[in-house]
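Breakdown of the fold
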Amino acid sequence: MRLLTHNMLSSNIKGVVNGFPLRIEAEKVVEKTVEMNGDFLKKMFEKVDWKAFVDASRAMGYNELPEEADPSMLDSDEFLNNFHHALLELHLEEGALVCPETGRRFPVTKGIPNMLLHEDEV
């Protein structure tokens, strides 16, 4: 699971008010090379919740992103490369996503998060 995907997921358990961002518990992270597309990154930058993104990248062992970012930073090749790497090349292969409100763990197996709810959570 890429951090691009993680940044769009939230816990939909009945009664949960604050289900975003899901905390990452990484057991296995892999890097997969993806071709750089600056235009795509610039469009995605506007949609990404930066704090959640930085926290998630750090949970996966990547510490090259600044605490805060603004669109002017997209002009820097170094920033764009780091953003690209974290967003598209880091993959959570094994681990869990944890609801910030309930602590419910959603397993990630072979890169696929299982967000199915139990009957009593619907």
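Our subject is the structure that appears above.
Residues numbered from 1 in each chain as written. Predicted model: local features only at pLDDT ≥ 70, side-chain atom pairs only at ≥ 80, totals over all residues. Heavy atoms only, no water.

This part is about the sheet that holds strand β1 (residues 23–31). Strand order in the open sheet formed by 4 strands is β1-β2-β3-β4, with antiparallel pairing between adjacent strands. The sheet is open, and its two borders are formed by β1 and β4 (112–113), each paired with just one other strand. The pairing of β1 with strand β2 (residues 90–98) spans 8 bridges and is antiparallel. Bridge pairing in β2 places I24 opposite L97. (Pairing = 2+ DSSP bridges. Helix = DSSP H or I, 4+ residues; strand = E, 2+ residues; numbered from the N terminus.)

Take the packing of helix α3 (residues 50–59) against helix α4 (residues 77–89) next. Angle between the axes and distance between the axes: these two values describe a pair of packed helices. Remark: α3 packs on α4, axes separated minimally by 10 Å, with the N-to-C direction vectors making an angle of 70 degrees. It follows from the interaxial angle that α3 and α4 lie roughly perpendicular. Taking contact as the criterion, the partners of W50, F53 and S57 in α3 are, on α4, F79, F83, A86 and L87. For the contact of α3 with α4, the class distribution of residues is 6 nonpolar, 1 polar and no charged. (Axes fitted to C-alpha atoms, helices over the stretch in contact; angles between N-to-C directions. Parallel < 35°, antiparallel > 145°, perpendicular 65-115°, else oblique. Contact = heavy atoms within 4.5 Å. Nonpolar A, V, L, I, M, F, W, Y, C, P; charged D, E, K, R; others polar.)

Turning next to the pairing of β2. Most of β2 sits inside the fold, with 8 of its 9 residues counted as buried. Sheet analysis places β2 next to strand β3 (residues 105–109), joined by 4 bridges and oriented antiparallel. Bridge pairing links V98 to R105 in β3. What sits between β2 and β3 in their antiparallel hairpin is a turn of 6 residues, with G103 showing a positive phi close to 80 degrees. (Buried < 20%, exposed > 50% of the residue type's maximum accessible area, 1.4 Å probe, protein only.)

The next point concerns the packing of aromatic side chains. Enumeration according to the criterion identifies 8 aromatic pairs in this entry. Between F45 and F83 the ring centres are 5.9 Å apart and the planes differ by 85 degrees, which places this aromatic pair in the edge-to-face class. With F45 in helix α2 (residues 38–45) and F83 in helix α4, this pair connects stretches of sequence that are 38 residues apart. Each member of the pair, F45 as well as F83, carries the same accessibility label: buried. (Phe/Tyr/Trp six-rings, centres within 6.5 Å; stacked < 30°, edge-to-face > 60°.)

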